[in-house]
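Here are the chains, one letter per residue:
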Amino acid sequence: MKVIVVKDEEEMGKRAAAVIAEDMEDREFYVLGLATGSTPLSLYKQLIAMNKEDELDFASVVTFNLDEYVGLEPDHPQSYRYFMDTNLFDHVNIAKANTHVPGGLAEDPELQCMFYEDLIEDAGGIDFQVLGIGSNGHIGFNEPGSSLSSRTRVVDLTESTIADNARFFDKAEDVPRQAVTMGIGTILESSRVILLATGAGKADVVAKAIEGPVTASVPASALQLHPGVTFVLTEDAAADLKIVRTSR
Ligand code: PGA
């Protein structure tokens, strides 16, 4: 795996956008896997800037988001559909019909999860998956203990994730207790993966994910099994790494 350490969030966004843009170059059709949370915001800002400057075209891009809360309407300000529309899709030349976020309101959630997997397969699989990492090591909403071969499904959120995400809601009780998430197995099928992390609070879990054993108790450690993973970390998030060689 490749580990790139950068000075700050702005540089993280620029480096990540450059890696993705290079992979997109000369492709007629491209499937991008996307993430929510605070971490990818600098990447989305950069993708928007590149699109405005005609350096990056989204006309033939199809996207699949990792996850969505169960029970939130798509226009709820904390829904991940709303997040993606307002932080990326509304600002680039992507057709909304080409953007997919798992639905959090399905009458038959199991069927809907299978349908999401089918949609990804019909699109030819994900070319590049963007990930953040939870302070408990989750990727998507695959919480510790998730099977490393899990598929898209409904999951219960852990107390630590509810506490982490409470900052986006008026009170912790408002954070949904369940979510739909792509599985770790689904994520590992992407051709390439880029994981972004920032902040001293992530340093310990980032080191475990990169240098610790592959274990379901740190879901991001499953990325060690993938041959095409790039980590882009700010200096503080990379501070606990000891073994793996990093580059700037
Ligand atoms: P954050 O969330 O970017 O808001 O820290 C990351 C995650 O939970 O995957």
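Residues numbered from 1 in each chain as written. Predicted model: local features only at pLDDT ≥ 70, side-chain atom pairs only at ≥ 80, totals over all residues. Heavy atoms only, no water.

Geometry of a packed helix pair, given as the angle between the helix axes and the separation of the axes. Two numbers describe how helix α1 (residues 9-24) lies on helix α2 (residues 41-52): the axes approach to 7 Å, and their chain directions differ by 55 degrees. Here α2 runs oblique to α1, going by the angle between their axes. Like other packed secondary-structure pairs, α1 and α2 cross with a definite hand, here right-handed. Side by side, α1 and α2 meet where Glu9, Met12, Gly13, Lys14, Ala16, Ala17, Ile20 and Ala21 of the first sit next to Ser42, Leu43, Gln46, Leu47 and Met50 of the second. Of the residues in the contact of α1 with α2, the class split is eight nonpolar, three polar and two charged. (Axes fitted to C-alpha atoms, helices over the stretch in contact; angles between N-to-C directions. Helix = DSSP H or I, 4+ residues; strand = E, 2+ residues; numbered from the N terminus. Parallel < 35°, antiparallel > 145°, perpendicular 65-115°, else oblique. Left-handed = near helix turned anticlockwise from the far one by under 90°. Contact = heavy atoms within 4.5 Å. Nonpolar A, V, L, I, M, F, W, Y, C, P; charged D, E, K, R; others polar.)

As a further point, take the packing of α2 against helix α3 (residues 80-87). Where α2 contacts α3, the two axes come as close as 10 Å, and the packing angle between them is 40 degrees. Looking at the two axes, α2 sits oblique to α3. Contacts from Leu41, Tyr44 and Ile48 in α2 reach Phe83, Met84 and Asn87 in α3. For the contact of α2 with α3, the class distribution of residues is five nonpolar, one polar and no charged.

Here we take up the side chain of His100. As for its position among the elements, His100 is in strand β5 (residues 99-100). Beyond its immediate sequence surroundings of up to four residues, His100 is in contact with Val62, Thr63, Phe64, Asn65, Arg81, Tyr116 and Leu119.

One number sums up the size of the largest pocket: a volume of about 530 Å³. Contributing to the lining of the largest pocket are 28 residues, with Thr36, Gly37, Ser38, Tyr80 and Asn165 lying nearest its centre. Of all the secondary structure elements, the ones that give two or more residues to the lining of the largest pocket are β4 (67-69), α3 and α5 (159-165). Take the lining of the largest pocket: its biggest share by element is three residues, from α5. When grouped by side-chain class, the residues that make up the lining of the largest pocket number 11 nonpolar, 13 polar and four charged. In this structure, the second largest pocket spans a volume of roughly 220 Å³. Forming the boundary of the second largest pocket are 13 residues, of which Met24, Glu25, Arg27, Leu56 and Asp57 lie nearest the centre. Ranked by residue count, the leading element in the lining of the second largest pocket is α1, at three residues. Residue classes in the lining of the second largest pocket are distributed as five nonpolar, one polar and seven charged. (1 Å grid on protein atoms, 1.4 Å probe; cavity = no way out; pocket = protein on both sides within 12 Å on 5 of 7 lines; lining within 4 Å. Points joined across faces, edges and corners; volume = space filled by probe spheres on them.)

We now examine the environment of Leu56. Its location among the elements puts Leu56 in the loop between α2 and β3 (61-65). Counting along the chain gives 37 residues from Leu56 to Asn93, while the straight-line C-alpha distance between them is 9.5 Å. What Leu56 contacts, discounting residues up to four positions off in sequence, is Ala21, Met24, Leu47, Met50 and Asn51.

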